[in-house]
Amino acid sequence: MTTETVLRPAAEQQYAAELDALAKADDRPRPPRWRMSPQAVVRYVLGGTLPDGTVISPKYVGDRRLVEIAVGTLVTDRALLLVGVPGTAKSWLSEHIAAAVSGDSTRVVQGTAGTGEDAVRYGWNYARLIAEGPSEAAIVPSPVMTAMRLGAVARIEELTRMPAEVQDSFITILSEKTLPVPELGIQVQAVPGFTVIATANDRDRGVNQMSSALARRFNTVVLPPPASEDDEVRIVSARAAQLGRALELPAEPPALEEVRRVVRIFRELRNGSTVDGRTQLKRPSGSLSTAEAISVVTSGMALAGHFGDGTITADELASGLLGAVVKDRVSDTAAWQEYLEAVVKERADWRDLYRACQDR
């Protein structure tokens, strides 16, 4: 399959040309089994221009030092834990770092309430197990076991969604760099280059709290929401345009001012006050993350392309905004109506948005 035949290519497929150009131009020391040096990984994530003129697109907009700390952690014997509120690009950053380091970001364990130890450790080919008995050939390796054998990056999504006993399966893996197989009396030992990048949601605290023993095996990097409105506008504009191309939406890329309106609404409701600080606002129950802002704009592009003239207007944004803000019918509806009357209605250049939202 090529990037043209799949809906969502992996990072190493979509940005293969950039990764190859970086690897060829990279003359710095590389840790064992890394495709490129830590400095080149940071450049891949944050973007830049190579000496030969190749442009590396930015994958993450944020503090450079945070990215350096995240990548630097992977050179040590500690695993990396990316923590943040929903929509702060934890999974996105994890994927791109894994793609740059190992050339494969697909060794992933998705954490859920139903994730079992076999997803972290290994499972069994039961047909072969019954026919031949326990053997190494009957083992179905997990993404973590495969990464240990290859000296590569394993990704753990939503670590704190997993039950506590499953989380603790990582303690031996991260501290001893081994994975015991007691049924066979053997253990798989990690080769140099093996590491783990995990993500966790700030809002999951208390759901399946990590044990202190496991937390000590990670270096934690907290990813904040975009620092400024301009940064968030850049992120939403770029990702919405990218998704529009991938989905082949027959709509123009969103106008910057329409994106800015969505971003400002989200930021003001998240912060509980208007941008000038003059009006205090009720905060809705949802996270109103950057990812949700991207979804609102992308939905607007779909409506404009298929049911309009291809240009996003307030009418296309209104439905998406209502769905993003109102998660609880009672409290969120009250907060949204208050915002419409106290803020949107009073902004002369937002009257079209006020009317469109009131019609919903």
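Conventions used here
- Residues numbered from 1 in each chain as written.
- Predicted model: local features only at pLDDT ≥ 70, side-chain atom pairs only at ≥ 80, totals over all residues.
- Heavy atoms only, no water.
- Domains from an automatic or database assignment.
- Contact = heavy atoms within 4.5 Å.
- Buried area = accessible area lost by both parts, 1.4 Å probe.
- Polar contact = N/O pair within 3.5 Å; in protein donor to acceptor, adjacent residues only side chain to side chain.
- 1 Å grid on protein atoms, 1.4 Å probe; cavity = no way out; pocket = protein on both sides within 12 Å on 5 of 7 lines; lining within 4 Å.
- Points joined across faces, edges and corners; volume = space filled by probe spheres on them.
- Helix = DSSP H or I, 4+ residues; strand = E, 2+ residues; numbered from the N terminus.
- Nonpolar A, V, L, I, M, F, W, Y, C, P; charged D, E, K, R; others polar.
- Expected span 1.5 Å × (residues − 1).
- Buried < 20%, exposed > 50% of the residue type's maximum accessible area, 1.4 Å probe, protein only.
- Phe/Tyr/Trp six-rings, centres within 6.5 Å; stacked < 30°, edge-to-face > 60°.
- Axes fitted to C-alpha atoms, helices over the stretch in contact; angles between N-to-C directions.
- Left-handed = near helix turned anticlockwise from the far one by under 90°.

Under an unreviewed UniProt entry, the name given to the protein chain is MoxR-like ATPase, and the source organism is Saccharothrix tamanrassetensis.

Chemist: Please explain the domain arrangement of the protein chain as it appears in this structure.
Modeler: Interfaces are often sized by the accessible area lost when the parts come together. Once the domains are mapped, the protein chain shows domain 1 (11–222) and domain 2 (229–358). One C-alpha centre belongs to domain 1, the other to domain 2, and the line joining them spans 34 Å. Contacts between the two partners involve seven residues from domain 1, matched on the other side by 11 residues from domain 2. For the pairing of domain 1 and domain 2, the buried interface totals around 630 Å² over both sides, and the portion due to carbon and sulfur atoms is 54%. On inspection of domain 1 and its partner domain 2, the count reaches one residue pair in polar contact (both at pLDDT 80 or more).

Chemist: For this particular structure, what's the right way to read the layout of surface pockets?
Modeler: Regions of empty space are outlined by a rolling probe, equal in size to a water molecule, passed over the atoms. For the largest pocket, the calculated volume is near 840 Å³. For the lining of the largest pocket, the secondary structure elements donating two or more residues are α5 (90–102), α12 (229–246) and α14 (290–307). If you tally residues by element for the lining of the largest pocket, the top one is α12, at 10 residues. Looking at the lining of the largest pocket residue by residue, the classes come out as 18 nonpolar, nine polar and nine charged. Looking at which domains feed residues into the lining of the largest pocket, each of domain 1 (11–222) and domain 2 (229–358) gives three or more.

Chemist: Please clarify how the environment of Y122 should be interpreted in this entry.
Modeler: In this structure, Y122 sits in strand β5 (residues 122–124). With 20 residues separating them along the chain, Y122 and S142 place their C-alpha atoms 4.9 Å apart. Contacts of Y122, omitting those with residues within four sequence positions, involve E117, I139, V140, P141, S142, M145, L179, P180, V181, P182 and E183. Polar contacts involving the side chain of Y122 include one to the side chain of E183, which spans 2.5 Å.

Chemist: Would you explain α14 in this entry?
Modeler: Taking 1.5 Å per residue as the helical rise, α14 with its 18 residues ought to reach 26 Å, and the 25 Å between its terminal C-alpha atoms agrees with that figure. The complete set of buried residues in α14 reads T290, E292, A293, I294, V296, V297, T298, G300, M301, A304 and G305. Against α12, α13 (256–271) and α15 (314–325) lie the buried residues of α14.

Chemist: I would appreciate a short explanation of the packing of aromatic side chains in the present structure.
Modeler: Two descriptors summarise a pair of aromatic rings, namely the distance from one centre to the other and the angle between the planes of the rings. Evaluation of the coordinates by the stated rule reveals three aromatic pairs. Plain terms: the ring middles of Y15 and Y44 are 6.4 Å apart, the flat faces sit at 80 degrees to each other, and that makes the pair edge-to-face. On the criterion of sequence distance, the pair formed by Y15 in the loop between α1 (11–14) and α2 (16–25) and Y44 in helix α3 (residues 38–46) is long-range, its members being 29 residues apart. Y15 sits in the buried class, given a relative accessible area of 11%. The exposure class of Y44 is buried, given its relative accessible area of 0%. Here the aromatic rings of W336 and Y339 are separated by 6.0 Å at their centres, their planes lie at 15 degrees, and the arrangement is stacked. Here the residue W336 and the residue Y339 both occupy positions in helix α16 (residues 331–344), the gap between them amounting to three residues, near one helical turn. Classification of Y339 as buried rests on a relative accessible area of 0%.

Chemist: So what exactly am I meant to see when it comes to the packing of α13 against α14 here?
Modeler: The description of two helices packed together rests on the angle between their axes and the distance between the axes. Running from N to C, α13 and α14 point in directions that differ by 145 degrees, and their axes come no closer than 10 Å. Handedness of the α13/α14 crossing: right-handed. Every residue of α14 that contacts α13 at V259, V262, F266 and R270 is listed here: T290, E292, A293, V296 and V297. Partitioning the contact of α13 with α14 into residue classes produces six nonpolar, one polar and two charged.

Chemist: Would you take a moment to explain empty space enclosed by the protein for this structure?
Modeler: Counted according to the given criterion, the structure contains one cavity of 30 Å³ or more. Of the voids in this model, the largest cavity is the one considered here, and its volume is about 50 Å³. Along the walls of the largest cavity sit T76, D77, R78, A79, L174, K177, F194, T195, V196 and R217, which together make up its complete lining. Split into classes, the residues belonging to the lining of the largest cavity amount to four nonpolar, two polar and four charged.

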